[in-house]
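Remarks on the overall topology
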Amino acid sequence: MGNLTTQLGRLLTVALGGLFLAAGGSFAEDAGNLYNTNFDINAGLKYFERQCSRCHGFDAKGNDETGAPDLTGRLARASSEVGLFNIIRTGIAGTAMLPVAADLPDSQVWQLVAYIGSLSTDPANIDLPGSVASGTSLFTSKADCNSCHMVNGQGGRLGPDLSRVGERRSPEELLSDMLNPHIDVAPRWWTMRVTDSDGAVREGLRMNEDSFSLRIMDEELNLWSYPKNQIESFERVEASTMPSYTQTLSDSEIDDLVAYLFSLRKEN
Ligand code: HEC
Ligand code: HEC
């Protein structure tokens, strides 16, 4: 597997390290950051400009003179939100990196965490191994992803619209979406296998289901409605209809698709 898989492994290791840190008492609990809306990111940015930029720079890309590192990529000392929170809260002993004011509320520290986190998901700050251009063409040619997925109004309806997937999924998650599509499939994408009272079997995405009826959409996008009392049996398949691409695409093709998907955002 390419670069990304190694990164995944590394991420896992450090995430565990983060948990370990969190077990240490007065540190933040690993409940994740609850202050991560656009409002919070913006508040974090304002605080950063006032208190942190003189060492880390207004663009947070670091400053050789102060020795304050670039905060826009992978951090050397923290790879989880909790780890980052703890650095900001307690500083780094023996360095110029001092703790924030003791009376600064945790919510504001989390806003800083949200702001720094937003920098590392900015595609301009992430160096992915794949090529966006190759990924773009693979998507609609060899890999045929567009038969199920829509991007900017073009493509199929048998999977989620991916026009802005880069905003909600990290490169690691996008990679996992392609290699292990059956993990965590939302009910919206479950398949129903229905046998009607004549014994005919039909499969499709589960569009609607209540106590009395069931509606599915087959591969040709036809909708089928069944009153439940006229169905012989039905079966929910909680797996994805998306195949895994481990066998059919090469590592570098998968990297290209990850780079393309990650570039899909509102601005485009
Ligand atoms: C007086 C200069 C100074 C100020 C002000 C400062 N820092 Fe730092 N910061 C540093 C230095 C120097 C380091 C590197 C310490 C080391 O690892 O040797 C650092 C390290 C860090 C790290 C760890 C980076 C990594 O790669 O792991 C984070 C995160 C960080 N600072 C965030 C902040 C935030 C947020 C603020 C504002 C609340 C801030 N810093 C204010 C000097 C500063
Ligand atoms: C047969 C239809 C089908 C094909 C072909 C297909 N997908 Fe999917 N894809 C789905 C469905 C259904 C889901 C939602 C269920 C799930 O999470 O697997 C999905 C989910 C995803 C997601 C997660 C989206 C999100 O919002 O979380 C990504 C990313 C993705 N697909 C990328 C691709 C790429 C890249 C290709 C081509 C290499 C591809 N898919 C081919 C049906 C398909």
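Before any of the text, the structure's been laid out above.
Residues numbered from 1 in each chain as written. Chains lettered and ligands numbered in written order. Predicted model: local features only at pLDDT ≥ 70, side-chain atom pairs only at ≥ 80, totals over all residues. Heavy atoms only, no water.

Topic: the pattern of salt bridges
Under the definition given, this model contains 9 salt bridges. One salt bridge connects Glu253 with Lys142, and the closest N-O pair in it is separated by 2.8 Å. Of this pair, Glu253 sits in helix α9 (residues 251-262) while Lys142 is found in the loop between α6 (132-140) and β1 (150-151), placing the two residues 111 residues apart along the sequence. As a salt-bridge pair, Arg164 and Glu167 come within 3.0 Å of each other at their nearest N and O atoms. Accessibility expressed as a relative area gives 39% for Arg164, which makes it partly exposed. Among the charged side chains, a network of salt bridges with common partners joins Arg206, Glu209, Lys228 and Arg236. (Salt bridge = Lys/Arg side-chain N within 4 Å of Asp/Glu carboxyl O. Helix = DSSP H or I, 4+ residues; strand = E, 2+ residues; numbered from the N terminus. Buried < 20%, exposed > 50% of the residue type's maximum accessible area, 1.4 Å probe, protein only.)

Description of the coordination of the iron atom of ligand 2
Summarising the metal site, the iron atom of ligand 2 is bound by the protein donors His149 (NE2) and Met242 (SD), whose distances to it range over 2.0 to 2.1 Å. For His149, a relative accessible area of 11% gives the class buried. Residue classification places Met242 among the partly exposed residues on the basis of a relative accessible area of 23%. (Donors = N, O, S within 2.8 Å, 3.2 Å for Na, K, Ca; no water.)

What to know about the coordination of the iron atom of ligand 1
In this structure, His56 (NE2) and Met97 (SD) serve as the protein donors to the iron atom of ligand 1, at separations of 2.1 Å. One way to put it: the 6 donor atoms around the iron atom of ligand 1 meet at angles of 87 to 178 degrees, and that makes the site octahedral. Residue His56 is found in helix α3 (residues 53-56), and its partner Met97 is found in the loop between α4 (81-90) and α5 (106-120); the two are separated by 41 residues along the sequence. Residue class for His56 comes out buried when judged on its relative accessible area of 9%. (Tetrahedral: all angles 85-135°; square planar, octahedral: opposite > 155°, others 65-115°.)

Concerning the sheet that holds strand β4 (residues 201-209)
Sheet strands associate in pairs through backbone hydrogen bonding, adopting either a parallel or an antiparallel arrangement. The strand order β6-β5-β4-β3-β7 describes an open sheet built from 5 strands, whose pairing is antiparallel. What marks the edges here is a single partner per strand, and that holds for β6 (223-227) and β7 (231-237). Averaged over neighbouring strand pairs, the angle between their axes works out to 40 degrees when direction is ignored. (Pairing = 2+ DSSP bridges. Axes fitted to C-alpha atoms, helices over the stretch in contact; angles between N-to-C directions.)

Quick notes on the environment of Val109
Relative to the helices and strands, Val109 is located in helix α5. Residue Val109 is classed as buried on the basis of its relative accessible area of 0%. C-alpha separation for the pair Val109 and Asn86, spaced 23 residues apart in sequence, amounts to 9.1 Å. Setting aside residues no more than four positions away along its own chain, Val109 makes contact with Phe85, Ile88, Arg89, Val100 and Leu104. (Contact = heavy atoms within 4.5 Å.)

A look at the packing of α6 against α9
At a minimum axis distance of 7 Å, the contact between α6 and α9 shows a crossing angle of 95 degrees. Relative to α9, α6 is oriented roughly perpendicular. Judged by residue contacts, Val132, Ser134, Gly135, Thr136, Leu138 and Phe139 of α6 engage Glu253, Asp256, Leu257, Ala259, Tyr260 and Leu261 from α9. Here the contact of α6 with α9 is composed, by residue class, of 7 nonpolar, 3 polar and 2 charged. (Parallel < 35°, antiparallel > 145°, perpendicular 65-115°, else oblique. Nonpolar A, V, L, I, M, F, W, Y, C, P; charged D, E, K, R; others polar.)

Section: unusual backbone geometry
Even without being glycine, Asn152 reaches a positive phi, approximately 45 degrees. Relative to the elements of secondary structure, Asn152 occurs in the loop between β1 and β2 (154-155). Classification of Asn152 as exposed rests on a relative accessible area of 53%. At Asp184, a position not held by glycine, the phi torsion is positive, near 55 degrees. The topology assignment puts Asp184 in the loop between α8 (171-179) and β3 (191-196). Classification of Asp184 as exposed rests on a relative accessible area of 74%.

Some details on the site of ligand 1
Near ligand 1 there are 23 residues, and of these Cys52, Cys55, His56, Arg77 and Met97 occur at the shortest range. At a separation of 2.6 Å, an oxygen atom of ligand 1 approaches a polar side-chain atom of Arg77. Of all the secondary-structure elements, those providing two or more residues to the shell around ligand 1 are α3, α4 and α5. Residue classes in the shell around ligand 1 are distributed as 16 nonpolar, 5 polar and 2 charged. (Near = heavy atom within 4 Å. Polar contact = N/O pair within 3.5 Å; in protein donor to acceptor, adjacent residues only side chain to side chain.)

Considerations on the site of ligand 2
The environment of ligand 2 is formed by 22 residues, the closest being Cys145, Cys148, His149, Arg168 and Met242. Taking Arg168, its side chain carries an N or O atom lying 2.7 Å from an oxygen atom of ligand 2. In the environment of ligand 2, an oxygen atom lies 2.7 Å from a nitrogen or oxygen atom belonging to the side chain of Ser240. At the level of secondary structure, the elements contributing two or more residues to the shell around ligand 2 comprise α8 and α9. In terms of residues, the shell around ligand 2 owes the most to one element, α8, which gives 3 residues. Residue composition of the shell around ligand 2, by class: 15 nonpolar, 4 polar and 3 charged.

That is the geometry; function is a separate question.
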